[in-house]
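Observations on chain architecture
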There are 4 protein chains.
Amino acid sequence: MKVKEGASVLIVSPDEKTYLVKVHSGKGMGTHLGEVNLGDAIGLEYGERIYSNLRHPFLVLDPTLEDRMMKLKRRTQIIYPKDAGLILLKCGVTNGMRVVECGSGSGALTMALANAVAPTGKVYTYDRREEFSENARQNLENAGYSGYVEFKHREAQAGFDEEDVDVVIIDLPSPWDGVPAAAHALRGGGRIASLSPTYNQVERCVERLEQEGFVLIETIEVLVRTIRVARGKTRPVDRMVGHTGFLTFGTKALPESPLD
Amino acid sequence: MKVKEGASVLIVSPDEKTYLVKVHSGKGMGTHLGEVNLGDAIGLEYGERIYSNLRHPFLVLDPTLEDRMMKLKRRTQIIYPKDAGLILLKCGVTNGMRVVECGSGSGALTMALANAVAPTGKVYTYDRREEFSENARQNLENAGYSGYVEFKHREAQAGFDEEDVDVVIIDLPSPWDGVPAAAHALRGGGRIASLSPTYNQVERCVERLEQEGFVLIETIEVLVRTIRVARGKTRPVDRMVGHTGFLTFGTKALPESPLD
Amino acid sequence: MKVKEGASVLIVSPDEKTYLVKVHSGKGMGTHLGEVNLGDAIGLEYGERIYSNLRHPFLVLDPTLEDRMMKLKRRTQIIYPKDAGLILLKCGVTNGMRVVECGSGSGALTMALANAVAPTGKVYTYDRREEFSENARQNLENAGYSGYVEFKHREAQAGFDEEDVDVVIIDLPSPWDGVPAAAHALRGGGRIASLSPTYNQVERCVERLEQEGFVLIETIEVLVRTIRVARGKTRPVDRMVGHTGFLTFGTKALPESPLD
Amino acid sequence: MKVKEGASVLIVSPDEKTYLVKVHSGKGMGTHLGEVNLGDAIGLEYGERIYSNLRHPFLVLDPTLEDRMMKLKRRTQIIYPKDAGLILLKCGVTNGMRVVECGSGSGALTMALANAVAPTGKVYTYDRREEFSENARQNLENAGYSGYVEFKHREAQAGFDEEDVDVVIIDLPSPWDGVPAAAHALRGGGRIASLSPTYNQVERCVERLEQEGFVLIETIEVLVRTIRVARGKTRPVDRMVGHTGFLTFGTKALPESPLD
């Protein structure tokens, strides 16, 4: 797999600092280990190296979804891979699905959703804050996912344009406000996920989900701890992320028809 | 979306016990709340209900990837969704990729990988224990993923048939034994992930990864805690899973060519 | 140190089951490995063994504070050593202090407090439920701590008899109800600790602490994970306690006198 | 309780920065909110305030054991209260006991041990590094615990001077090296605790404990997470300490006498 002009690549310095950049002929990048000419990467295999003017080797990699999520331009707190990965599995997001995201934020989760529904599905992402929406759109375009995403600058409360969608993701300060619109947009058996930092949001969100007849409601938190591995002195690292948010899940049941 | 004859469905009892079953006309299923006739589900919308002979309503849902992973027939400890979700994101597994899995186990991770590479990629999964391999194959077929998976009854150490693959997953009691074959099979920039329950396995695995020239080596563990949400009495639950395994990641760098 | 008639001892079976019992001449104890005669322990050194009629050795130990806390007769959820240990340090409970405990429960924390204030301090413990109070009193007496504890069957809200105490511990379903009485009983600079399982309790408790002028308010939770250690296969255990309660701490500031 | 000349006090600024200092008439202390005259505290009740030259109020408190441990002069990684508290309970350290500590470090755990054995017990603490020993001694003296501690500049491996001690604490880079001397110094039924950051240390330490006939061997880790409590927006904090060390416990069994 060869690097092409215009490709997004992950450049890795000898001391494992990483840079997500686009490769263009003649484009330079300054680092603490000298200047590299990104054009040198064109035509290389991924996994090969380019060299700075100080003759330090910089690895050229194709970025993973995680790399793209962690490196995007942030205007908000992003959704972390630890949370996004579990959302995808628990909601069963897969190729061909139609997903509504309410709260585009910086687009990190949008990207993970787009990657999961591609090549035949679509993500519809709503944000009432135009500058966030625009930033997220730019991030998705840079990552090559624009084809799977439609951006809308709108309030969630007003309702979504889509019907019969498979999954709705709610990332709002007042998640409960998005629940009725989600209930309306989801197909029977469709899944909902909501992310919130505080337990108060979770409590009100779950209450609203129950009122709207959602089932299999579940709230969890995900913690990741890094282990520093070295022969004879392996140990967990001193500091870790203690909290990002709580994840709440539910499933849309259709209204029960009366037994006769 | 309507339920068809032969579909895999998730049946949910009023007290939220779940059953993953195939729908067939005339097929019954006994539960603690009476007998349900699965054939009644045919033609319903997902999210609708069938009723037991005791007139209890049972919801009919389409299973998520998580449901399928947690409900498969186990002959080994399975890979949990919390771990699988992060593996997919950190390795960037996506539509069209070719992935080698070394240690099919019960097929839980195989399923997550197959779902991620579909519709145009392929998972090659190796296991030297024929009865495990056969069980995993059955699980994948039941879940409708056979088209994206090739099963092989073979030792990892002997090397893989595939070359230039994007990702290799190692789930072996001696993960280090799989590293050289993985290094050989991976394309430049390809990603590797290994799962192991003990610190000792991690330590030897990382050592071997370093010897084989892998970069961006990282070991983590993922913890999930459930929150019991109820108005005015929201709290984490008393018991949780304290450990499944450590996840180790790395990236294949191509051999450095000498500077001249 | 020799075992005396009437001593509380911890008996440990060869497979490390533990029994907290009183030694009396002629008193038997049935176990899965035969009958032991507890009288045989009299005159032994701690760390020596008595033998069952099936000739299995049972170790005779003097119980630690943890052993006593974990083995007492429970009528309520007990306070665990992981939480009690930190409460003692953060409140600075030490020899000679006067401590009010509001909610005796089964007496586990009472025991830890009594042990810390001994030999010259005192714990005053309140519980409005007479059967709990009586059970806790019995537990403390069995453990030999009665001399350092005074039991009172009373509501906290009614106020405490003591003044100028060093520390108040609140373990009530409505912890905020105990805060004003605590504020009144504490000396300047005195410390308060409250234990509650839910976020909601914590939120209301902290609010009341702020209203009463407490400072250095802090809420934490303590998690303990067991590691299974064995040469070449060391790993965290599969299951752990995910939650007992949140601990909230504060310090009594005296009312500010106006600057003139 | 009034503040006296020479007392160690905890000064708390209006924004809850804390300072552990000795009060002396005429002694000043510079802060971000102006200069305070510590002599102003003499004769005040704890919980009252002194004022900076900018008229900001600073609370005067008596420090807890935690305050003293966290504020001592560090020359090494200290033992944290979360770990120390559980060590005290699990080893049953109490008034009157004789405890050997092997590895004085900065004296944080020494202080917690001294506080627990006072007023009639004694801590014997060994460290081969004279500058550490001297620093720890200074820290204990400042905190008023010198009367309960004896400092020795010596290797652990050489054996301890004490016999029949109740508890031995090992805080060494090679904890297994201290185990035989500990086994020799402990009375029957005595408890041992060892602290180590790496799993490799734990594995070798446990192995040696088993060889020396210790029973009830157990290894744990303690995690503390802070909750940020505020009406309507209560949540765990973003960052936490992910690891300090593993704690290993054991109990000394006397050699089994042959059954005849």
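Everything discussed here concerns the structure shown above.
Overview of the structure. In this text, all values refer to a predicted model and were calculated from it rather than measured experimentally. (Residues numbered from 1 in each chain as written. Chains lettered and ligands numbered in written order. Predicted model: local features only at pLDDT ≥ 70, side-chain atom pairs only at ≥ 80, totals over all residues. Heavy atoms only, no water.)

Some remarks on the relation of the copies chain C and chain A
Placing chain C over chain A gives an RMSD of 0.0 Å and needs a rotation angle of 180 degrees, together with 0.0 Å of translation along the axis. Interpreted geometrically, this transformation is the action of a two-fold axis. Looking at the rotation axis and the C-alpha trace of chain C, the residue lying nearest is tyrosine 199 of chain C, at 3.6 Å. Here 100% of the interface residues in chain C have copies in chain A that are interface residues too; the copies meet face to matching face. (Least-squares fit on C-alpha atoms with pLDDT ≥ 70 in both. Contact = heavy atoms within 4.5 Å.)

Observations regarding the interface of chain B and chain A
Taken together, the contact between chain B and chain A spans 74 residues of the former and 75 residues of the latter. In this assembly, chain B packs against chain A so that about 5,800 Å² is buried in total across both faces, 57% of it on carbon and sulfur atoms. Where chain B touches chain A, the interface holds 10 salt bridges. Counting across the interface, chain B meets chain A through 31 residue pairs in polar contact (both at pLDDT 80 or more). A per-element tally of the side of chain B that touches chain A places strand β12 (residues 214-228) of chain B first, with 12 residues. Residues belonging to the side of chain B that touches chain A are distributed by class as follows: 38 nonpolar, 16 polar and 20 charged. (Buried area = accessible area lost by both parts, 1.4 Å probe. Salt bridge = Lys/Arg side-chain N within 4 Å of Asp/Glu carboxyl O. Polar contact = N/O pair within 3.5 Å; in protein donor to acceptor, adjacent residues only side chain to side chain. Helix = DSSP H or I, 4+ residues; strand = E, 2+ residues; numbered from the N terminus. Nonpolar A, V, L, I, M, F, W, Y, C, P; charged D, E, K, R; others polar.)

Quick word on the pairing of strand β10 (residues 165-170) of chain C
Residues and elements named next belong to chain C. Judged by how many residues are buried, β10 sits mostly within the fold: six of six residues are covered. As paired elements, strand β7 (residues 98-102) and β10 share four bridges and run parallel to each other. Within the sheet, the bridge partner assigned to valine 100 lies in β10 and is valine 168. Relative to strand β11 (residues 186-196), β10 runs parallel, the two sharing five bridges. Across the sheet, valine 168 pairs through a bridge with isoleucine 192, a residue of β11. At this point the chain moves from β10, through helix α5 (residues 175-185), to the parallel β11, and the crossover so formed is right-handed. (Buried < 20%, exposed > 50% of the residue type's maximum accessible area, 1.4 Å probe, protein only. Pairing = 2+ DSSP bridges. Right-handed = clockwise from strand over helix to strand, strands pointing away.)

Some points on the packing of aromatic side chains
A complete count under the given rule lists 10 aromatic pairs over all chains for this structure. Taking 4.9 Å as the distance between ring centres and 65 degrees as the angle between the ring planes, the aromatic pair formed by tyrosine 126 of chain A and phenylalanine 160 of chain A counts as edge-to-face. A residue pair is termed long-range when its members are at least 10 positions apart, and tyrosine 126 of chain A in strand β8 (residues 122-126) and phenylalanine 160 of chain A in the loop between β9 (149-152) and β10 (165-170) qualify at 34 residues. With a centroid separation of 6.3 Å and 80 degrees between ring planes, the pair formed by tyrosine 199 of chain B and phenylalanine 246 of chain D is classed as edge-to-face. Of this pair, tyrosine 199 of chain B sits in helix α6 (residues 199-211) while phenylalanine 246 of chain D is found in strand β15 (residues 246-252), placing the two residues in two different chains. Across the pair, exposure class does not vary: tyrosine 199 of chain B and phenylalanine 246 of chain D are buried alike. Grouping aromatic residues by their ring pairs yields a cluster made of Tyr199 and Phe246 of chain A together with Tyr199 and Phe246 of chain C. Between lysine 90 of chain C and the ring centre of phenylalanine 249 of chain C, over which it is positioned, the NZ or CZ distance is 5.5 Å. (Phe/Tyr/Trp six-rings, centres within 6.5 Å; stacked < 30°, edge-to-face > 60°. Lys NZ or Arg CZ within 6 Å of the ring centre and 35° of its normal.)

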